[in-house]
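Understanding the architecture of this molecule
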Amino acid sequence: MSVQVELKPDWARIAFPSTEPNGEPEFADFHYFWLRHNCPCLNGCRHTATKERLIDAAVIPLEIRPLRASVESNPEDNAPAVVFVWEPISTKDDTGELVSPAGEKEHVSIFPVQWLRENAYSLSRERVHELPPHDAALVTIDYNDYAPEYGSLSDSNSIKYKATLFEKLSKYGVAVIRNRGDNTEDIVYDFIDSSADVIPSHFGRIEHLRTGNTENANNDQLGYTNSAVRLHTDQCYSESVPGFQFLHCIRPADIGGDNYFVHAESAANYLKTEINSRAYELLTTVPVKFDRKQSKFQAHYTTPILRLSDKVDPKTNERRLEQVRYSYFTQGAQTTVPFSQLREWYEAQQVWDKLLYRDDFQIKADLQSGDVVIYDNLKVLHARNGFSGPRHMAGVYLDSADLWSHLGAAKIEAQALAVAA
């Protein structure tokens, strides 16, 4: 096997041939900022005579990405090398001021493969997490595929439809259902048995999320305005949090109002192994007070943003992430962190938040009348853009056990139908 390079979103993976006859190839992952800092070129990164480093680590953007990379022959000795091409970055002049490189359109770093292998700091690492799901097509179902006559499902099609919902929610934590219909009460029982019911909140049994709302109690909150609502989970201030919520689009906005989602469990794992393990540690250990204060309602609950299981998972020998609570609009004043550590805590939140707002972390959905989106409120963050016009969404909370029992039964029946066929 020859040397190979693969550009990941936040680091490069380089595969090296085995040093043993018939041995398995090895791979190593390298952060882009590390590669750019260690550029061996004599064009501003190393002194032309002494070969000492000239570039300061402080000027390397931590979010830097190469334009492209390839494996080529090193022009100095014809040995294999990995070549990275970058956009130019500003460097410090003799006074310490940042200056842009004059006339440089691209910066080229040529790394001898032998040097990379000798300096590999993550050789064949085991714990790697990929990006969260971010392709809306993966989570989308068209109800008309199961109900040829709009609104009518045969028994077998109902089973297949609900089994598909089970699969989407199990894997991605969110499902978008196109063309579901206009009756919110009927839609409830797509997800739970007829003997079960929704989970009411202090807003009411079903929320009507629109401006000028008169149906719901305690409607002095962002959901009943036309403002943007950034990524969050619901009811962080409650000890017992509804496991699922679905939004039924009665009428879309004239302009804006699109929804977007992030699989926060995957994002947290990515933060832990790919970006910043210290930030993950702080988010899993530092308690946060979530405080809902309205004119006629108040509740609060204190817990870390990322709650881990009490017991260690025997497969990973680590505590498993059980729940994400994240809500900027109900987050109270942080008073549990010592003065000398508060900046670090804020930095951890900002690293986390910056990840969540990357395009390659988000699933976007422009819901139209009759569409539904359902998501796991313990593992998935949701948000909407600001809007104009009479946008109307019906919001319903469901119990996790009720949902998994109902859809899980359909999954078993679907498997039986497949065997019988």
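Structure first, text after, so check above.
Presented here is a report on the structure given in the accompanying data block. Fair warning: this is a prediction, and the values are worked out from it, not measured in the lab.

This part takes up the sheet that holds strand E4 (residues 68-73). In spatial order, the strands read E4-E5-E8; together these three strands make up an open sheet with antiparallel pairing. Either end of the sheet is taken by a strand with one partner, and the two such strands are E4 and strand E8 (107-112). Shown here is a sheet whose adjacent strand axes are inclined to one another by a mean of 25°, direction ignored. Sheet topology places strand E5 (residues 80-86) next to E8; six bridges connect them, and they run antiparallel. Note on E8: the bridge partner recorded for Val82 is Phe111.

Here the phi dihedral of Asn78 falls at roughly 70°; this positive angle occurs in a residue that is not glycine. On the secondary structure map, Asn78 appears in the loop between E4 and E5. Even without being glycine, Asn218 reaches a positive phi, approximately 50°. If you trace the backbone, Asn218 turns up in the loop between strand E11 (207-209) and strand E12 (229-232).

On to the packing of helix H6 (residues 264-275) against helix H7 (residues 277-285), then. Geometrically, a packed helix pair is captured by the angle between its two axes and the distance between the axes. For the pair H6 and H7, the least separation of the axes is 7 Å and the interaxial angle reads 140°. Overall, the two elements H6 and H7 adopt an arrangement that is oblique. Listed contacts from H7 to Ala268, Leu271, Lys272 and Ile275 of H6 are Ser277, Ala279, Tyr280 and Leu283. By residue class, the composition of the contact of H6 with H7 is six nonpolar, one polar and one charged.

Tracing the chain through its elements places Ser327 in the loop between strand E19 (318-324) and helix H8 (339-356). Of the residues examined, Ser327 reaches a relative accessible area of 1% and is grouped as buried. A distance of 2.8 Å separates the side chain of Ser327 from the side chain of Thr330, its partner in a polar contact. Discounting residues that sit within four places of it in the chain, Ser327 has contacts with His232, Thr233, Cys236 and Phe290.

Of all seven residues that make up strand E24 (residues 392-398), seven are buried, and the element is covered over most of its length. Side chains of E24 alternate between two faces, with His392, Ala394, Val396 and Leu398 and Met393, Gly395 and Tyr397 buried alike. The sheet contact formed by E11 and E24 spans three bridges and is antiparallel. The residue of E24 that forms the bridge with Leu209 is Met393. Pairing between strand E13 (residues 244-251) and E24: seven bridges, direction antiparallel. Bridge assignment links Leu247 to a residue of E24, and that residue is Gly395.

Calculation criteria
- Residues numbered from 1 in each chain as written.
- Predicted model: local features only at pLDDT ≥ 70, side-chain atom pairs only at ≥ 80, totals over all residues.
- Heavy atoms only, no water.
- Pairing = 2+ DSSP bridges.
- Helix = DSSP H or I, 4+ residues; strand = E, 2+ residues; numbered from the N terminus.
- Axes fitted to C-alpha atoms, helices over the stretch in contact; angles between N-to-C directions.
- Parallel < 35°, antiparallel > 145°, perpendicular 65-115°, else oblique.
- Contact = heavy atoms within 4.5 Å.
- Nonpolar A, V, L, I, M, F, W, Y, C, P; charged D, E, K, R; others polar.
- Buried < 20%, exposed > 50% of the residue type's maximum accessible area, 1.4 Å probe, protein only.
- Polar contact = N/O pair within 3.5 Å; in protein donor to acceptor, adjacent residues only side chain to side chain.

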